Amino acid sequence: MSPLLEVRGLRVNFLTDRGIARAVDGVSFSIESGRTLGVVGESGCGKSVTSRAILRLVDPPGWIESGEILFAGRERREDLVKLPANGRRMRAIRGGEIAMIFQEPMTALNPVFTIGDQTVEALRLHRSMPAAEARERAVAAFASVGIPAPEQRFREYPHQLSGGMRQRAMIAMAMICNPQLLIADEPTTALDVTIQAQVLDLMNEMRQQFDGSILFITHDLGVIAGMADDVIVMYRGKVVESAPVRDLFRQPRHPYTRGLLRSAPSLVKGNREKLEAIEGTVPQPTEHIRGCAFAPRCAHVMPRCRETVPALAGGEQHRAACFLHHDETEEMYDAV
Ligand SMILES: Nc1ncnc2c1ncn2[C@@H]1O[C@H](COP(=O)(O)OP(=O)(O)OP(=O)(O)O)[C@@H](O)[C@H]1O
Ligand SMILES: [Mg+2]
């Protein structure tokens with residue numbers, strides 16, 4: 001069976017005043033039905049641009065340079081890159097078959113409509129349903145995400161809700177059309193820590209009822225541990241490691257992944273001295289790099305790393321883009 005979503009060799013560029021920024025530089029991954037794929041990596045590595053490309057929301061000065069986004073939609077498997085970004089089919093997919101929860105809900109919600117009207121509108125657009133029925137479904141959805149007094153909240157505008165309640169409303173809106181794929185781009189980063197935990201619990205609960213797949217984006221490996229089945233680690237527009245979540249935590253292969261694990265405050269519990277930041281900074285996406293983009297920061301760098309870009313290699317399940325692992329020597333790593 002083919003996966004629900006298969007991204008192959010995706011490249012997304014932006015034209016900037018410093019030249020062409022290769023924000024997404026040949027990314028491939030797939031998501032099976034019913035599974036959650038976590039995407040991690042430092043700020044600017046291309047996580048949001050990848051997810052926006054899937055929904056065909058990359059606007060000028062950005063463009064999809066090449067690649068395929070094969071989505072097994074309700075009717076057929078199609079390459080989303082080939083569809084007109086604002087055509088009928090893409091509009092039906094956005095919200096109806098692939099829904100997204102954005103990092104900052106204020107930018108995704110329309111400030112001039114009540115959250116109730118926006119939810120009803122989404123249902124009517126994608127599931128052509130009588131207004132009264134849509135309203136009933138929407139109120140029930142608000143109640144199911146733990147919004148107290150949902151009837152009353154229904155009539156409120158986005159700015160009248162707290163951050164946590166807005167995020168819950170976004171989740172209800174994203175889930176209401178029963179999408180096959182839910183993209184959650186840092187769904188809790190804008191929230192304070194206690195609300196964050198509640199929203200993550202809620203997403204895990206929803207996940208049990210929802211038999212679709214989730215693409216879960218975060219820079220927090222602790223969150224990945226609790227949410228994902230499989231993980232891809234991104235660095236400077238590329239996937240540098242991909243593995244089932246347990247393998248990634250037990251035997252991380254790429255030096256960048258190891259660095260991320262050692263620097264994750266949510267993993268190094270109660271022992272802050274053990275936290276180690278990864279030295280150096282991520283090269284700009286406009287900079288041309290000959291070999292591995294992590295080489296300048298890597299403690300294990302070898303001459304060939306500065307010459308050639310290592311391919312993502314390894315077994316079916318666990319792969320890394322690093323010459324240390326190209327010969328498949330299994331190195332035991334004393335994990336955090
Ligand atoms: N509109 C734009 N114009 C120019 N460059 C852009 C634009 N949008 C994104 N980029 C660049 O693309 C790269 C990837 O950005 P992206 O937003 O995907 O990062 P991210 O991994 O989501 O980071 P974060 O964790 O901070 O959300 C960055 O270098 C960013 O500067
Ligand atoms: Mg982002």
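How each quantity is defined
Residues numbered from 1 in each chain as written. Chains lettered and ligands numbered in written order. Predicted model: local features only at pLDDT ≥ 70, side-chain atom pairs only at ≥ 80, totals over all residues. Heavy atoms only, no water. Near = heavy atom within 4 Å. Polar contact = N/O pair within 3.5 Å; in protein donor to acceptor, adjacent residues only side chain to side chain. Areas by Shrake-Rupley, 256 points an atom, 1.4 Å probe, with all protein chains shown as cover. Helix = DSSP H or I, 4+ residues; strand = E, 2+ residues; numbered from the N terminus. Nonpolar A, V, L, I, M, F, W, Y, C, P; charged D, E, K, R; others polar. Disulfide = S-S within 2.5 Å. Pairing = 2+ DSSP bridges. Axes fitted to C-alpha atoms, helices over the stretch in contact; angles between N-to-C directions. Buried < 20%, exposed > 50% of the residue type's maximum accessible area, 1.4 Å probe, protein only. Salt bridge = Lys/Arg side-chain N within 4 Å of Asp/Glu carboxyl O. Expected span 1.5 Å × (residues − 1). Phe/Tyr/Trp six-rings, centres within 6.5 Å; stacked < 30°, edge-to-face > 60°. Lys NZ or Arg CZ within 6 Å of the ring centre and 35° of its normal. Core = buried A, V, L, I, M, F, W, Y, C linked by side-chain atoms within 4.5 Å. Contact = heavy atoms within 4.5 Å.

## Describing the site of ligand 1
No. 1: Near ligand 1, the surroundings consist of 13 residues, among which Ser43, Gly44, Lys47, Ser48 and Val49 are the closest.
No. 2: Between serine 43 and ligand 1, the recorded distance is 2.5 Å, taken from a side-chain N or O atom to an oxygen atom.
No. 3: Contact with the protein chains hides 67% of the accessible area of ligand 1, taken as 640 Å² for the molecule alone.
No. 4: Those elements that place two or more of their residues in the shell around ligand 1 are β1 (5-16) and α1 (47-54).
No. 5: Among the elements that make up the shell around ligand 1, the one with the highest residue count is α1 (3 residues).
No. 6: Split into classes, the residues belonging to the shell around ligand 1 amount to 5 nonpolar, 5 polar and 3 charged.

## Observations concerning the state of the cysteines
No. 1: On inspection of all chains with the given rule, the structure shows 0 disulfides.
No. 2: Not part of a disulfide, cysteine 45 finds its nearest cysteine sulfur in cysteine 292, a span of 14 Å.
No. 3: For cysteine 292, which is in no disulfide, the shortest distance to another cysteine sulfur is to cysteine 305 and amounts to 6.3 Å.

## Regarding the sheet that holds strand β4 (residues 62-72)
No. 1: Here 4 strands make up an open sheet; going across it, the order is β2-β1-β4-β5 and the pairing antiparallel. Taken across any chain shown, the strands that pair with only one partner, and hence form the sheet edges, are β2 (19-31) and β5 (77-79). The mean angle between the axes of side-by-side strands here comes to 10 degrees, regardless of whether they run parallel or antiparallel.
No. 2: As paired elements, β1 and β4 share 8 bridges and run antiparallel to each other. Opposite valine 7, over in β4, you have isoleucine 69 as the bridge partner.

## A short note on unusual backbone geometry
No. 1: Residues proline 60 and proline 61 are joined by a peptide bond in cis, for which omega reads 10 degrees.
No. 2: With respect to the element layout, proline 61 can be found in the loop between α1 and β4.
No. 3: Positive phi, close to 55 degrees, is recorded for arginine 56, a residue that is not glycine.
No. 4: You can see arginine 56 is positioned in the loop between α1 and β4.
No. 5: Assessed through its relative accessible area of 16%, arginine 56 is described here as buried.
No. 6: Of note in the backbone geometry, glutamate 186 takes a positive phi value of approximately 45 degrees without being a glycine.
No. 7: By the secondary structure assignment, glutamate 186 is in the loop between β7 (181-185) and α8 (193-209).

## Examining the pattern of salt bridges
No. 1: Scanning the entire structure with this criterion turns up 16 salt bridges.
No. 2: The shortest N-O distance in the salt bridge between arginine 8 and glutamate 6 comes to 3.1 Å.
No. 3: Look at arginine 8 and you get partly exposed, because its relative accessible area is 38%.
No. 4: In this structure, the salt-bridge partner of glutamate 68 is arginine 8, at a minimum N-O distance of 3.2 Å. Of the two residues, glutamate 68 is situated in strand β4 and arginine 8 in strand β1; the sequence distance between them amounts to 60 residues.
No. 5: When its relative accessible area of 26% is taken as the criterion, glutamate 68 is described as partly exposed.
No. 6: What you see here is one network of salt bridges that share partners, running through Glu75, Arg76, Glu78, Arg89 and Glu97.

## Side note on the pairing of strand β6 (residues 98-101)
No. 1: Burial along β6 is two-sided: Ile98 and Met100 and Ala99 and Ile101, pointing in opposite directions, are all buried.
No. 2: Strand direction decides the pairing type here: β6 and β7, joined by 4 bridges, are parallel. Directly across from isoleucine 101, in β7, lies its bridge partner alanine 184.

## Remarks on helix α4 (residues 115-127)
No. 1: With 13 residues, α4 ought to run about 18 Å at 1.5 Å a step, and its terminal C-alpha atoms sit 18 Å apart, in line with that.
No. 2: Taken residue by residue, α4 has Ile115, Gly116, Gln118, Thr119, Val120, Leu123 and His126 as its buried positions.

## A short note on the packing of aromatic side chains
No. 1: Counted according to the given criterion, the structure contains 4 aromatic pairs.
No. 2: Aromatic side chains tyrosine 235 and tyrosine 256 sit 4.6 Å apart centroid to centroid with 55 degrees between the ring planes, which places their arrangement in the tilted category. Of this pair, tyrosine 235 sits in strand β9 (residues 230-235) while tyrosine 256 sits in helix α11 (residues 255-262), and the two are 21 residues apart along the sequence. Accessibility classification places tyrosine 235 together with tyrosine 256 in one group, the buried group.
No. 3: Within the aromatic cluster, the residues linked to one another by ring pairs are Tyr235, Tyr256 and Phe294.
No. 4: Lying across the ring of phenylalanine 323, arginine 304 places its NZ or CZ 4.2 Å from the centre.

## Structural notes on the nonpolar core
No. 1: Ranked by internal contacts, the top residues of the largest apolar core, which has 39 residues, are Ile101, Val145, Ile171, Leu182, Met203 and Phe216.
No. 2: Elements with a minimum of two residues in this core: β6, α4, α5 (131-144), α7 (163-175), β7, α8, β8 (213-217) and α9 (221-227).
No. 3: Ranked by residues supplied to this core, first place goes to α7 with 8 residues.
No. 4: Ignoring sequence-local partners within four residues, the contact set of leucine 182 consists of Ala99, Ile101, Ala174, Met175, Met203, Phe210, Ser213, Ile214 and Leu215.
No. 5: Within the second largest apolar cluster, 34 residues are counted, among which are Leu5, Met90, Ile98 and Ile183.

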